[in-house]
Amino acid sequence: MRRMKLRVNRSQLLFLSREETSGIFQKEGALGVGRQEKGVTQRFCRLRGNILFILKKQGGELEEVLLLERCDVMKLPGDSTRLAVSFESGDPPVLLQSSSSAECVSWLVALRDANTETLRRRIAHLGTLINTQSSQHTQQHTHTASHCTVGGTGGVESAVKVSPLHLAVECRAVVSVAAGLLVQVCVIDTHTHTVRKHCCSDTVKAPDEKVFVTSVCFRGDYPLYHHSRIRVTVYHAEEPTTHSTRSFLGFTSFSIRDLLRSKEPHISVGLRTMDGVNEVGEVKVSRLQMEGERDDKTPPEHKCPALCVSLHGSVHDKENSPMMRAVLCSQVCKVYRFQTEDQRWMLVREQLSETPLSFSLPKQLLSALIREHTNRVQEVKELGDLSPHWDGLRHDVINHCSYLIGCYHETLTELSKLSATSCFKSSSSKSDRHLQFVPTNLHSQRMEVTDPDSTGVWYDVITFGAPADHHQAFKHGGLKRLLSKHTNHWDSSVSYSRDESSRARELLTSVAQLQPLVFGLAEELLSVSLELNAARLQQVLDSLTLQTEQFVHALKDELVKSALLAIHNQCTANLNSSHVHSNGLLCDNLPGNLEDQPSLGLQDAVRRDREYDEEEWDRTWANVAKSLNCIMAMVDRLQGREDRPQELTSAEQQESAGDTNTASPSSSSSSSASSWQEQLLPLVVTLRDCVREAVTKARAAMTFVVLQGAVGPTVDQGPAQIVHRRHAVFSQALSAVVCGFVLKLYEGLEDPDFLLQLHSVGVLAQFESLLSTYGDEVGMLEDMEVGVADLSEVAFTVTEAKTDQPDDLLPTLTGTWGSFVVEVPLTPETFGPLPQQLKEGRLIRVHPVLFNIGINQQQSLAERFGDSSLQERVNQQSCERLKAYCNTLRDRLPDAAGIQSLSDLLSSLDRSLEARKRKNVEVLWNAAMVCRNVNGIRLTSCKSAKDRTAMSVTLEQCVLLRERHTLGQRHFSTALDCMRRDGCRMENVQKNVGSRKFAFSSVQLLTFPKLYRPPDGSYGSTH
């Protein structure tokens, strides 16, 4: 072995070491590497040919390259996990330490085989094989050409697709068989000489311990032809679920033409080492046929009752679109074959996928909340000097928002540190403080059913841990209880929208600009009156009239009038109460505290509140207009013009006469300048007083609107910790429902009735919960109830994506709390055919409902000794909301599919709720059927979406197969057990806790409904 320093061909070596470019490595995995007994450092090693790449970590920087040449590899005596590589050149030996003795042996064989002499032997043997194959090909070509007819195609077979094709692959008698095998399948096009990786599959052990079984599915649009060859490569996988460590065992290949022409139901080919010399096992390939294409002569013994496989790779069908790839990742698939009632076969594919929305949406929500609270702080700071009570309220809002901004900045920073490809939060991390906003164990569970009567029917369920704040825990209950305890007593049930707050700020700005202009022009009018210049006086009067009319127009806003009434109502309600603000100020909630008004006695305050006239504000701004009219009339008189009775009412004339009792009845050109100013002065003073009174009341009203608009979503929602909890719970629920909506939208793009339903009625989101009403899970359900209800303020809209890159196809969040809008981008080819309403940005409303039925042993305690009223109330309220949605749908789309059967389904749901049975899971079944009937989003949760959720999802899938695809009743239990024992949900358990067992005990399962119990051997301790 020769050690090389990275000075020559560095870029080429880096290129070869990369996984995406280097093809198949003979072996790769973590090893301790060093040149001294105590100097071993953990590194990630990859063996390709006779080159050993040593990286600092998997996917990390390349540290060293070892060339396997003239070396000797041996195990160290007394240590079964260490190897020593010595060099003929005399360089220090390289020590390699593996994690186990078996792994050490595997590396020993791989490194010895990679030596230069072994490679030379392989090259010689391969040369012999090539010569033999070339001579056979020449003879075959000559034979084929001799049979060509004149004017024919020259003996070239047309490229006809043979997909769809379903294959069963058995690996038999493989040398060094261990816990698991990994099978990689590639397709070789012999016409274009291209190799296309299709999938990488785990295997399951057959009853014969020496046989490993998997299957491969080629969809209908996959480019598979008669001339194609399939290459099968088998690896030994130390970690079957992660594939982090694997070693090459052997490979083989076969022709599609030979498989289809075989008289036997299968073909067998030898599995050989890389040099092609040694045979290490046998691969048996069988073609699985659907009922429509099955040869009646196929013997019954070749029919597989249920076949299970895990496919790690892309799905070659229309589901593998850029939009799907953008929102789904890390897919795991299982394929089954079940028998129907009429003895035909159906193929079922179960697919479990993570989604980048688990992290992208929480990060967007955090950014939006930070912006919103920052803007709110700026808004209340701009209100200027306030009375002590309102200034204390402003301090409350600022402190509340500042706390949340700090928390959200910290959380967003920590989330940004995670890998850009992070798509999953495990159940063990649900209490992590920095992952509060991320949904726990969020996945899309999809099932595709193909049978003789239907092709490619999809059913979706979104599974995730119940949206709850596990970090703050549930000592004092969940959100529903906490919000009811902390209703702020300053809250008068008056709330203002963001638009109303914006109008209030605009009015405050207008008043602040117009008041000094009016006052300045009034002073200028008095000054000009001394000049005895009629034209100049009229010019100033015209400017004063214009500014005053704008001022009056701004004050006529009904928002000012309603805010003044709200102030008085609130002060009356809180007359004898006081409030300690965050700045330590104790304030009485009296009208005298609202603005810089004279303090009133208690009796006067009560009397004034009781006698408040709603028309008082109209008179206030009307007095400004009347004062201006009086000034205009006086100027006309001073200029020697005729009175204008048509512009003044008799009352105004009397008022004008009363205000100008010192003026002369008629003016003459000989009037002195002091006489003009003396007659205008009282009218100008009256105008200024009226303007000042209107400004005071308008400023008080609009300040109230702005502060109340800031208090409503902050202080009035309770302490900042509760608002933080609510935002975190909402984030988890939002990520799940957005994932479900996107999948539902993609599936229904070609359904005009569904698209019409979206923009005319909205989409139903049905949450199924399996939480108990005992212990901490009561708090979780209270959190979930509020989080689901908050989704009713969310809307979706469809936009056209700029490109088909994944980042441009991810949904984006806009808006503020209470009015969030999720924009779902579509590629131009899918956006174009949409209805015009959706293309114009019509909002799609969300109608969330929540149904909960506890099924575990804690629910048994709650039903016998506790209280399940929370569950009953949640279910009853959701049933009413579900009925309202269905009635609206029936009224607006009476001819839509499935509408006619809604009445019966809703009646069944009503009966199941009225039955008051313990653990009445029929409520969940009926609600799910209604949801699917109206094209709703199905979501299922338990504490971690791991165990109870697995039981519910697999049961729902089998019920769908029985009800909609005639799964044989005698095969129902077999299918259910198969999905639970070997299906995607078991992979989910492995991913979360590292064990392939559901976290149930035998005693616990005795309290479960029978259909929610897993098969023997699939549950137990996970430690």
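Here the structure is shown first, and the text comes after it.
Below is a short write-up of the structure.

Cut-offs applied
Residues numbered from 1 in each chain as written. Predicted model: local features only at pLDDT ≥ 70, side-chain atom pairs only at ≥ 80, totals over all residues. Heavy atoms only, no water. Helix = DSSP H or I, 4+ residues; strand = E, 2+ residues; numbered from the N terminus. Buried < 20%, exposed > 50% of the residue type's maximum accessible area, 1.4 Å probe, protein only. Contact = heavy atoms within 4.5 Å. Areas by Shrake-Rupley, 256 points an atom, 1.4 Å probe, with all protein chains shown as cover. Phe/Tyr/Trp six-rings, centres within 6.5 Å; stacked < 30°, edge-to-face > 60°. Lys NZ or Arg CZ within 6 Å of the ring centre and 35° of its normal. Expected span 1.5 Å × (residues − 1). Patch = residues over 30% accessible without salt bridge, like charges linked within 9 Å, V, L, I, M, F, W, Y side chains within 5 Å. Salt bridge = Lys/Arg side-chain N within 4 Å of Asp/Glu carboxyl O. Lys, Arg positive; Asp, Glu negative; His and termini not counted. Charge placed at Lys NZ, Arg CZ, Asp CG, Glu CD.

## Some details on the overall build of the chain
Of regular secondary structure, the chain possesses 28 helices and 30 strands. Taking all 1023 residues of the chain together, 53% fall into the buried category. When contacts within the chain are restricted to residue pairs at least 6 apart in sequence, those whose partners lie at least 24 apart make up 71%. Here the chain displays about 45700 Å² of accessible surface, and carbon together with sulfur accounts for 50% of that area.

## Looking at the packing of aromatic side chains
Applying the stated criterion across every chain yields a total of nine aromatic pairs. Each ring, one from Phe 730 and one from Phe 820, has its centre 6.0 Å from the other, and the planes form 25 degrees; the classification is stacked. Here the residue Phe 730 occupies a position in helix 16 (residues 720-747), and Phe 820 occupies one in the loop between strand 27 (812-814) and strand 28 (821-826), the gap between them amounting to 90 residues. Taking the relative accessible area as the measure of exposure, Phe 730 reaches 2% and is therefore buried. The class of Phe 820 is buried, set by a relative accessible area of 2%. One aromatic cluster is present, formed by Phe 730, Trp 817 and Phe 820 through successive ring pairs. Geometry around Trp 458 places Arg 446 over its ring, the cationic atom sitting 4.2 Å from the centre. A cation over an aromatic ring shows up here: Arg 962 above the ring of Phe 972, its NZ or CZ 4.6 Å from the ring centre.

## What about helix 16?
Taking 1.5 Å per residue as the helical rise, helix 16 with its 28 residues ought to reach 40 Å, and the 41 Å between its terminal C-alpha atoms agrees with that figure. Among the 28 residues in helix 16, 26 count as buried, and that is most of the element.

## Thoughts on a negative patch on the surface
A grouping of Asp 804, Asp 807, Asp 808 and Glu 829 is seen on the molecular surface, where their side chains present a negatively charged patch. Relative to the elements of secondary structure, Asp 808 occurs in the loop between strand 26 (795-800) and strand 27. We classify Asp 808 as partly exposed; its relative accessible area is 31%.

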